[in-house]
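Chain residues, written in single-letter form:
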Amino acid sequence: MSNNHNTEPRKATPANGVLFRFLRILILSAIAVAGGVAGTKLGVPAAWIFSFLVVFGIYAIFSDRQIQPPKKAMIPSQVIISLLCASPLATVGWSSVGTYAGAVVVSLATTFLVCALGAWLLVRFRGVTPATSILATMAGGASAMVMLARDMRDADLRFVVLTQYLRVSIVVLTLPGIVQLLGGIHANGGGSAGEDDTAWWVTSWEPVIGAFCTFLAVWLFTRATRRWFSVSSPYLLLSVAFVVIALLLGVPEQFLMPDGLLPNISYALIGIQAGGTLTKSALRQFVKALPIILSVIGLMILSSLVAALGISVLWELTVLDSYLATVPGGIYAVLAFAHEAGSDPVVTVVQVIRMLAMLVVGAYAPQIIGLFRRGGEDVGDKSAGATK
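Presented here is a report on the structure given in the accompanying data block. (Residues numbered from 1 in each chain as written. Predicted model: local features only at pLDDT ≥ 70, side-chain atom pairs only at ≥ 80, totals over all residues. Heavy atoms only, no water.)

Looking now at the overall build of the chain. Counting its secondary structure elements, the chain contains 16 helices and 0 strands. Within the chain, buried positions represent 47% of all 388 residues. As displayed, the chain offers around 19500 Å² of accessible surface, 66% of which is attributable to carbon and sulfur atoms. (Helix = DSSP H or I, 4+ residues; strand = E, 2+ residues; numbered from the N terminus. Buried < 20%, exposed > 50% of the residue type's maximum accessible area, 1.4 Å probe, protein only. Areas by Shrake-Rupley, 256 points an atom, 1.4 Å probe, with all protein chains shown as cover.)

Here's what the structure looks like:
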């Protein structure tokens with residue numbers, strides 16, 4: 001009788017590999033959920049994004065493995081983010097939008113100039129691609145810019161992630177000090193964001209219907225019009241358009257303002273998407289560009305203060321309200337501070353319109369770059385012809 005025993009090590013089967021990946025993601029997600037819940041209780045803005053970004057980012061860096069959610073799972077998240085971007089308009093009357101048109105123009109012009117300067121510096125001195133530099137420096141909608149970077153061929157998602165969330169972190173961390181300097185708030189430092197006792201999983205049924213109808217409307221519209229034209233990142237841009245149309249038609253605001261699990265799951269997926277791409281090479285590139293990035297962020301904050309002084313004089317607003325309206329990012333933290341300070345509706349109007357404008361520019365970054373390149377080539381051709 002043969003006593004031969006197979007001493008070869010057992011090879012991992014595909015089933016075992018899938019199980020291990022599932023358990024790994026489950027454990028990381030549990031840690032990130034705990035961080036998101038704790039951050040929400042402490043009043044940390046966008047706590048769920050930051051928690052998932054940090055947890056999955058640390059894993060990606062130390063394991064040198066990327067983790068990315070399925071692309072199809074990101075489409076509903078894009079719709080939810082669009083609703084979150086546009087829905088604050090439901091809290092102010094459309095007359096307010098017209099009243100503060102001048103303040104919107106000043107804020108947009110200031111922000112675009114600083115963002116353009118930052119993008120040019122990154123391209124000129126760090127060799128960053130134009131698409132990456134534009135998405136990295138757009139001061140508004142960090143989560144939306146990360147989504148755009150994933151869908152854009154010439155954009156470096158990891159660089160955009162690091163730059164955008166560094167900007168948000170610095171703006172949010174400096175916000176309490178600047179708010180106190182400019183006039184303070186009536187309550188306890190803008191902590192309203194963390195004082196909501198509603199459980200993080202409690203979701204109203206109205207925004208579920210609103211999100212589904214918005215998704216369906218965008219899907220039908222893109223299918224019906226794809227023969228004639230296409231829209232960059234349709235589930236971001238067209239969802240915003242449909243929200244604005246719904247508001248004009250008088251759809252109740254509770255259908256357009258996601259709460260509970262809807263935004264938290266979307267934030268979690270964005271955090272995984274953002275943190276799961278980080279590698280050591282991405283960090284090295286980011287560190288080299290850090291002086292320029294920090295300088296641009298500082299310039300953004302300083303230019304917002306200057307613009308706030310001008311807006312306060314021209315439209316007879318307080319300097320605090322004017323700064324909250326023009327501060328470059330962290331919109332949910334800004335709106336929380338504005339609520340505590342009893343601010344004028346100008347804060348919501350300017351912040352939301354600025355975010356939407358940044359979203360449109362970011363989505364059409366390749367086309368904008370192409371226009372400038374063609375313009376430069378035309379000038380060069382004319383100059384060459386003149387010298388002949």
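Don't stop here, the text continues.
With that settled, consider helix α5 (residues 101-126). Side chains of residues three or four places apart in an α-helix project in the same direction, reflecting 3.6 residues per turn. For α5, spanning 26 residues, the distance from its first C-alpha to its last is 36 Å, which sits close to the expected 38 Å at 1.5 Å a residue. Taken as a whole, α5 has its buried residues at Ala103, Val104, Ser107, Leu108, Thr111, Val114, Cys115, Gly118, Ala119 and Leu122. Elements that come into contact with the buried residues of α5 comprise α6 (130-137), α8 (157-182), α12 (280-314), α13 (319-326) and α15 (346-363). A positive backbone phi angle near 70° is found at Gly127, which sits one or two residues after α5. (Expected span 1.5 Å × (residues − 1). Contact = heavy atoms within 4.5 Å.)

Over its 16 residues, helix α3 (residues 71-86) runs 23 Å from end to end, which matches the ideal 22 Å to within 8%, given 1.5 Å per residue. Buried within α3 are the following residues: Met74, Ser77, Gln78, Val79, Ile80, Ile81, Ser82, Leu83, Leu84, Cys85 and Ala86.

Okay, a nonpolar patch on the surface next. Taken together, the side chains of Leu117, Trp120, Phe125, Leu299, Leu302 and Val306 make up a nonpolar region of the molecular surface, amounting to roughly 580 Å² of accessible area. Relative to the assigned elements, Trp120 resides in helix α5. The exposure class of Trp120 is partly exposed, given its relative accessible area of 49%. (Patch = residues over 30% accessible without salt bridge, like charges linked within 9 Å, V, L, I, M, F, W, Y side chains within 5 Å. Salt bridge = Lys/Arg side-chain N within 4 Å of Asp/Glu carboxyl O.)

A general feature of soluble globular proteins is that nonpolar side chains tend to end up buried together. Tyr165, Leu175 and Leu324 are the most contacted members of the largest nonpolar core, which totals 109 residues. Examining the composition of this core, we find that 12 residues originate from one element, α8, more than from any other. In contact with Tyr165, not counting residues within four places along its chain, are Ile49, Phe50, Leu53, Ala142, Ser143, Val146, Ile270 and Ala274. (Core = buried A, V, L, I, M, F, W, Y, C linked by side-chain atoms within 4.5 Å.)

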